[in-house]
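Analysis of the macromolecular model
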Amino acid sequence: MGLTFSVLASGSTGNAVFVETEEHSFLVDAGLSGKQMEALFAKIDRDMGKLSGLLVTHEHSDHIKGVGIVARKYNLPIYANEKTWAAMDGLIGKIPLEQRFTFETETVKSFGALDIESFGVSHDAAEPMFYIFHHGGKKLVLITDTGYVSDRMKGIISNADAFVFESNHDVQMLRMGRYPWNIKRRILSDVGHVSNEDAAIAMSEVIGDQTKRIYLAHLSQDNNMKDLAKMSVTQTLQSRGVIVGEQVELYDTDPKNPTALTAV
Ligand SMILES: [Zn+2]
Ligand SMILES: [Zn+2]
């Protein structure tokens, strides 16, 4: 089985990623209601009660809506950095002390043969961070909710076997769209979300010999479309010498439907 994952849901209506090895399984964020989370687990034929833990990236509601509910119901350990814990206070209900764990930015936690590494991103939350899973020589990177991809981040995430990579918006659609200017400015800022084109430029710099799969994630419902994101990322990658379909494959994610469970 090795390192296997499914993007359960992705987008501003809620985010959750499931990752498992032979011995352990984790949920990264639970940004949908408890009921919706259970429905997503049923679709991939997995049991939330068997999770080893729940890793939180940051306190925005599209990432933590269901955290308190599922953690209490299934008695799951929750991991987050101290600033995110403080920011979640009052948002996820009461969490018993024995379920609260600290996972600081740029540290590694080992669970048997699985190493989970955290790294900081640039986003308007208390201390947002994402996770990299290392198991049996394979590397899975999750990176969404960042205004840009810094050289430091690129160094940490480079040459993963699979990436779940933010491709949030088409800049043109966002500029022309109906959002008020302050929201547009927030999304376009260094602490907002990364556009299709900027994502592709960053991807072209972190793709390595190991890289096979890239999942386009956290697509805006108003300012992007799956086909447009795929086309735009493909074009930018090709223009920078990465051949989509040969070197790497691009995959969609969906706000409501899990991607097929796939070994990295
Ligand atoms: Zn988000
Ligand atoms: Zn966010």
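Here the structure is a predicted model, which is why all the values come from computation and not from measurement. (Residues numbered from 1 in each chain as written. Chains lettered and ligands numbered in written order. Predicted model: local features only at pLDDT ≥ 70, side-chain atom pairs only at ≥ 80, totals over all residues. Heavy atoms only, no water.)

Some remarks on the coordination of the zinc ion (ligand 2)
Here the zinc ion (ligand 2) is held by H58 (NE2), H60 (ND1), H123 (NE2) and D145 (OD), and the distances to it run 2.2 to 2.5 Å. Around the zinc ion (ligand 2), the four donor atoms are arranged such that angles at the metal cover 90 to 175°; this shape is classified as irregular. The sequence motif formed by the donor residues of the zinc ion (ligand 2) is H-x1-H-x62-H-x21-D. A separation of 3.4 Å is found between the zinc ion (ligand 2) and the zinc ion (ligand 1), which are bridged by D145. For the pair shown, H58 and H60 are each scored as buried. (Donors = N, O, S within 2.8 Å, 3.2 Å for Na, K, Ca; no water. Tetrahedral: all angles 85-135°; square planar, octahedral: opposite > 155°, others 65-115°. Buried < 20%, exposed > 50% of the residue type's maximum accessible area, 1.4 Å probe, protein only.)

Comments concerning the packing of aromatic side chains
Scanning the entire structure with this criterion turns up nine aromatic pairs. When the ring of Y79 is compared with that of F103, the centres are 6.4 Å apart and the planes differ by 80°; the resulting orientation is edge-to-face. Residue Y79 is located in strand β5 (residues 78–80), and its partner F103 is located in the loop between β6 (100–102) and β7 (108–111); the two are separated by 24 residues in the primary sequence. Given a relative accessible area of 8%, Y79 falls into the buried group. The exposure class of F103 is buried, given its relative accessible area of 0%. Of note, R100 hangs over the ring of W85, and the distance from its end group to the ring centre comes to 4.4 Å. The ring centre of F103 lies 5.4 Å from the NZ or CZ of K109, which sits over that ring. (Phe/Tyr/Trp six-rings, centres within 6.5 Å; stacked < 30°, edge-to-face > 60°. Helix = DSSP H or I, 4+ residues; strand = E, 2+ residues; numbered from the N terminus. Lys NZ or Arg CZ within 6 Å of the ring centre and 35° of its normal.)

Focus on the sheet that holds strand β14 (residues 262–263)
Sheet architecture is open: seven strands sit in the order β6-β5-β4-β3-β2-β1-β14, paired in mixed fashion. Strands with a single pairing partner mark the edges of an open sheet, and in this sheet they are β6 and β14. Taken together, the three bridges between strand β3 (residues 25–28) and strand β4 (residues 53–55) define a ladder with parallel strand orientation. In the sheet register, L27 faces β4, and the bridge partner there is L54. Across the sheet, helix α1 (residues 34–43) touches β1 (4–9), β2 (16–20) and β3, and the angle it forms with β1 is around 140°. (Pairing = 2+ DSSP bridges. Contact = heavy atoms within 4.5 Å. Axes fitted to C-alpha atoms, helices over the stretch in contact; angles between N-to-C directions.)

Considerations on the sheet that holds strand β13 (residues 249–252)
One open sheet accounts for seven strands, arranged β7-β8-β9-β10-β11-β12-β13; its pairing is mixed. The sheet is open, and its two edges are formed by β7 and β13, each paired on a single side. Each adjacent strand pair in this sheet contributes to an overall mean axis angle of 20°, direction not counted. Docked against the sheet, helix α9 (residues 226–239) engages β12 (213–217) and β13, running at close to 160° with respect to β13.

Focus on the environment of H218
Looking at the element boundaries, H218 is found in the loop between β12 and α9. By relative accessible area, which is 2% here, H218 ends up buried. Once the C-alpha coordinates of H218 and I156 are considered, the two residues, 62 residues apart in sequence, prove to be 21 Å apart.

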